[in-house]
Amino acid sequence: GGSNKASEKRLKKLLAERMDLTARIRLADEEREKAIKDSGQQTDAVQGYVTFQTESAFINAVSAYQVSWIQSLGCCYPTRLRLGGRKLRISQAPEPSTIQWENLEYSSRSRFFRQCLTAAIALVAVCISIAFTFLARDFRAETLEATARPCPGGYYDLDTEQQKDIVAQDI
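In what follows, the accompanying structure is described. Predicted model, so just to flag it, every value in this text is computed and none were measured.

1. Regarding the packing of aromatic side chains
Geometrically, a pair of aromatic rings is defined through the distance of the ring centres and the angle of the planes.
Part 1 of the reasoning: Enumeration over the complete set of coordinates arrives at two aromatic pairs.
Part 2 of the reasoning: A ring pair is formed by phenylalanine 52 and phenylalanine 58, whose centres lie 6.0 Å apart and whose planes are at 65°; its orientation type is edge-to-face.
Part 3 of the reasoning: Of the residues examined, phenylalanine 52 reaches a relative accessible area of 34% and is grouped as partly exposed.
Part 4 of the reasoning: Ring geometry for tyrosine 155 and tyrosine 156: centres 5.3 Å apart, planes at 85°, overall edge-to-face.
Part 5 of the reasoning: The ring centre of tyrosine 106 lies 4.4 Å from the NZ or CZ of arginine 114, which sits over that ring.

2. Looking at helix 4 (residues 160–170)
Part 1 of the reasoning: For helix 4, the buried fraction is low: one of the eleven residues fall into the buried class.
Part 2 of the reasoning: The opening residue of helix 4 is aspartate 159, an N-cap whose side-chain oxygen sits 3.2 Å from the backbone nitrogen of glutamate 161.

3. Re the layout of surface pockets
Part 1 of the reasoning: Roughly 1,800 Å³ of internal volume is contained in the largest pocket.
Part 2 of the reasoning: Of all the secondary structure elements, the ones that give two or more residues to the lining of the largest pocket are helix 2 (55–64) and helix 3 (108–147).
Part 3 of the reasoning: With four residues, helix 2 is the largest single contributor of residues to the lining of the largest pocket.
Part 4 of the reasoning: By residue class, the composition of the lining of the largest pocket is 19 nonpolar, eleven polar and eight charged.

Conventions and cut-offs
- Residues numbered from 1 in each chain as written.
- Predicted model: local features only at pLDDT ≥ 70, side-chain atom pairs only at ≥ 80, totals over all residues.
- Heavy atoms only, no water.
- Phe/Tyr/Trp six-rings, centres within 6.5 Å; stacked < 30°, edge-to-face > 60°.
- Buried < 20%, exposed > 50% of the residue type's maximum accessible area, 1.4 Å probe, protein only.
- Lys NZ or Arg CZ within 6 Å of the ring centre and 35° of its normal.
- Helix = DSSP H or I, 4+ residues; strand = E, 2+ residues; numbered from the N terminus.
- Polar contact = N/O pair within 3.5 Å; in protein donor to acceptor, adjacent residues only side chain to side chain.
- 1 Å grid on protein atoms, 1.4 Å probe; cavity = no way out; pocket = protein on both sides within 12 Å on 5 of 7 lines; lining within 4 Å.
- Points joined across faces, edges and corners; volume = space filled by probe spheres on them.
- Nonpolar A, V, L, I, M, F, W, Y, C, P; charged D, E, K, R; others polar.

Here it is in structure tokens:
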């Protein structure tokens, strides 16, 4: 008897907490919707996270959305798997500790643009490097050609000091 009353009391307390939390969530949702209406902005969900009670529910959901490549084409995608007429892409979410939360505000289009910009800057840097390499090679060849004179006769028969004197006179 006594443990039954304690269980009922605890259940009532938990249900009251649940109702309170539900009311808070509804209020927060209403405030958010009002703020969105007041700002005049249209917000579309970009991604969502779903938590499953059991492993088998997760496996069932993922397997339902694994369609063949032909079915994955827009016209052949099963209607029952669409949400608001759009295809859904289902994958297992990363661990929360590995998510860079501050990057979630950037759309895939923005990330694609940034990747293209980075690749373009890298390509320009490589092209400039190649151009400098060819310019340096041409400069070296021109310098060697301009300064190349044959050594005077018997130059290599002279001792080092005499060779240095001839070079100093030539400069």
